[in-house]
Amino acid sequence: MDKQEKIKVLTDLIAINSVNGNEVAVAKYLATFLAKYGILSKVDCFGDNRANLVAEFGEHKTQQVFCLTGHQDTVAVADKSQWHSNPFQAKITGDRLYGRGSADMKSGLAAEAIVLAELAEQKKTIPGVLKLVATAGEEFGTPGAYRLAKQGLIDDVQAMIVGEPTDGQIVYAHAGTINYQIKSYGKAVHSSAPEAGINAISGLVAYINAEPKLFADDPGDSDLGKVKHSITIVKGGSQINIIPDQAELFGNIRPTPAFSNEKVIAVIKDQLAIINQQTKFKLEFSLLHNFYPVKTDPQTDFVQQSAAISASHFPCQPIKLTTINGATDASVFVERNPQIKTIVLGPAAWKNAHQIDEYTTISSFLAMTNIYQEIVQNYFKTENK
C-alpha cells in the first residue's frame, strides 16, 4: 500500500460517526477493506448498531497467537461550533490530521488493519495466527471486550498490542479502574424538626470523611505507585425545607497489582459495614465497573524488542518504557487470560484524545504501520514455537 492509500483508510474511518454505540459501520468498513486482500473477518453485531470485528491471518502451523486490538468508538462531540473543522471529516494541515477519533484511536486501529493487508499483499507468511480484534464501546463500559472475552476469543492469545495513542512510547503497565456508587437512605421530615428525621446526606458525609484514609495500607506498586482514588459526584435532596431521605455518591479508583480490585472493594464494604453498625445511617454499595490492572515485565524480550523497533522509527525522540493510570480493553482481556504479554503502543499522543480539534500526525501514523508489522514479524521469529 502506498502512503495515500493508508491515509485514505484513516480518513474513511474518521468520516464514520462512531460515537459510543454506533460501531457497526466501522466494523463493516474494515471487513470490506480486509476482504480486498483476501482476509476474512467476522462482524459480530449486538445491541443497537454495535459490533465487534475479528479477523485472522496466518498459517496455523504453530501455537503462536498475536493480537492487534483497538476500539472503534469515539467520545462524543459536545459542541461542533468549537471545532475549527468538521470533526467527522478529516482535515490535513501539514503533518497534522484533525478529526474526532484521529488520536483515540482510529489512527491506531487503521494502522493495525493495514498491517494485515500489507502482510497479505506482500505474500508474507505468519506461521501461527495474527488476530485483529476491533471492539465496541471501550469509551464506556467495554461491552465489546466483555463479549469477546466471554466468547473465548482471547483465550489463545499470547501477546498483544493495544493501539491507543502513545506517540511511539511503550506502555507496559496501566492501572485498573473501579467505578462505584454508594446510596444513603434516611428519613424525610420537615426541616423545622430535623431531629425527627435522618439526613441521608449526613450518611454520605460519614463515608466521605473516612474515604481519604481507606487505602493507607497500600504498599504501592513498584511500577504504578499507589492506588488513586476520588469521590467525583455527590447528589442528594430535592427541596430546601425537607430533610432528604436519599442521597448518593459516585467514586473512581485505580487499582494496581499491589492493591487489587478485590481488596479495594473489600475495604469499601468494610467501611460501610462499620458506618451502618455504629450510626443510624444506612449505606449501600454498588459496583458499576471493575477493570483490572495490566502489567507486563518490562525486561521481557517482547517489551524490549518492541521498544527497539519503535525507537528505530522515531529517531528524533527518545522512546521510553512507561506506565499510565488510564485503562484500556486489555483490562478485560487479561482478567480472562492473565498470561497475555501486553503493551500499549500507538501513534499521536494521549494528550490529544477527547479534545476539541483532536488530531494525530501523519508521520506517526505511517510509522506505526511499519512498527506494528516489524513487531509482529519479529515475534513470530523469536518467540518459542
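It should be emphasised that the depicted structure is a prediction, and the values quoted were computed from it without experimental measurement. (Residues numbered from 1 in each chain as written. Predicted model: local features only at pLDDT ≥ 70, side-chain atom pairs only at ≥ 80, totals over all residues. Heavy atoms only, no water.)

## As for the pattern of salt bridges
Move 1: Taken as a whole and judged by the stated rule, the model has ten salt bridges.
Move 2: Between lysine 6 and glutamate 118 there is a salt bridge; the shortest N-O distance is 3.3 Å. Of this pair, lysine 6 sits in helix α1 (residues 3-14) while glutamate 118 sits in helix α3 (residues 102-121), and the two are 112 residues apart along the sequence.
Move 3: One salt bridge connects aspartate 44 with arginine 147, and the closest N-O pair in it is separated by 2.7 Å. With aspartate 44 in strand β1 (residues 41-46) and arginine 147 in helix α4 (residues 143-150), this pair connects stretches of sequence that are 103 residues apart. (Salt bridge = Lys/Arg side-chain N within 4 Å of Asp/Glu carboxyl O. Helix = DSSP H or I, 4+ residues; strand = E, 2+ residues; numbered from the N terminus.)

## Points about the environment of valine 234
Move 1: The topology assignment puts valine 234 in strand β10 (residues 228-236).
Move 2: With 16 residues separating them in the primary sequence, valine 234 and phenylalanine 250 have C-alpha atoms 6.5 Å apart.
Move 3: Not counting chain neighbours up to four residues away, the residues in contact with valine 234 comprise Leu204, Ile208, Glu248 and Leu249. (Contact = heavy atoms within 4.5 Å.)

## Brief notes about the nonpolar core
Move 1: With 62 residues, the main nonpolar core has Phe66, Leu68, Leu116, Ile161 and Leu345 as its most contacted residues.
Move 2: Ignoring sequence-local partners within four residues, the contact set of leucine 116 consists of Leu34, Ile39, Ala55, Phe57, Leu68, Leu130 and Leu132. (Core = buried A, V, L, I, M, F, W, Y, C linked by side-chain atoms within 4.5 Å. Buried < 20%, exposed > 50% of the residue type's maximum accessible area, 1.4 Å probe, protein only.)

## Observations concerning the environment of glutamate 59
Move 1: With respect to the helices, strands and loops of the structure, glutamate 59 is situated in the loop between β2 (50-57) and β3 (65-71).
Move 2: Overall, the relative accessible area of 37% leaves glutamate 59 in the partly exposed class.
Move 3: Residues glutamate 59 and proline 127, 68 residues apart in the sequence, show an inter-C-alpha distance of 5.1 Å.
Move 4: If we skip the residues at most four places from it in the chain, glutamate 59 touches Thr125, Ile126, Pro127 and Gly128.

## Brief notes about helix α5 (residues 200-210)
Move 1: Buried within α5 are the following residues: Ala200, Gly203, Leu204, Tyr207 and Ala210. For α5, the angular spread of the buried residues around the axis is 120°, confining them to a single face.
Move 2: In this structure, the buried residues of α5 make contact with β9 (177-185), β10, β11 (246-254), α6 (261-278) and β12 (282-291).
Move 3: Taking the backbone nitrogen of isoleucine 201 as reference, a side-chain oxygen 2.9 Å away marks asparagine 199 as the first, capping residue of α5. (Arc of directions from axis to C-beta. Polar contact = N/O pair within 3.5 Å; in protein donor to acceptor, adjacent residues only side chain to side chain.)

Just geometry here; none of it tells us what the structure is for.
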